Amino acid sequence: MKYNRIQEIENYIKNAKVASLDELLDQFDISIQTLRRDLKELENRNVIKKSIWWSCL
């Protein structure tokens, strides 16, 4: 389940190019803590880069 959610978040950001935390929270209906952990994992894998907003490179 976690892997699927992270993959869905990755795909969403890749398609959108830029996504705010609020946008991702609304889209995936998860807690801010879960979203931050998932985004940190994507950042650690060099899929996204953290900015004021989270965006895909």
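Whatever comes next refers back to the structure up there.
Here's what I pulled together on the structure shown here. Computed from a predicted model, the values in this text were never measured in an experiment.

1. A short note on unusual backbone geometry
Reasoning step 1: Positive phi is not limited to glycine here, since Lys17 has a value of about 75°.
Reasoning step 2: Checked against the element boundaries, Lys17 lands in the loop between α1 (2-16) and β1 (18-19).
Reasoning step 3: The phi dihedral of Asp29 is positive, around 50°, even though this residue is not glycine.
Reasoning step 4: Examined against the element boundaries, Asp29 turns out to sit in the loop between α2 (21-28) and α3 (32-44).

2. Structural notes on the environment of Val18
Reasoning step 1: Here Val18 is to be found in strand β1.
Reasoning step 2: Spatially, the C-alpha atom of Val18 lies 9.6 Å from that of Ile48, the residues being 30 residues apart in sequence.

3. Some words on α3
Reasoning step 1: Given a rise of 1.5 Å per residue, 13 residues ought to cover 18 Å, and the 18 Å separating the end C-alpha atoms of α3 matches this to within 8%.
Reasoning step 2: After α3 finishes, the residue Asn46 shows a positive phi value of roughly 60°.

Reading the values: the criteria
Residues numbered from 1 in each chain as written. Predicted model: local features only at pLDDT ≥ 70, side-chain atom pairs only at ≥ 80, totals over all residues. Heavy atoms only, no water. Helix = DSSP H or I, 4+ residues; strand = E, 2+ residues; numbered from the N terminus. Expected span 1.5 Å × (residues − 1).

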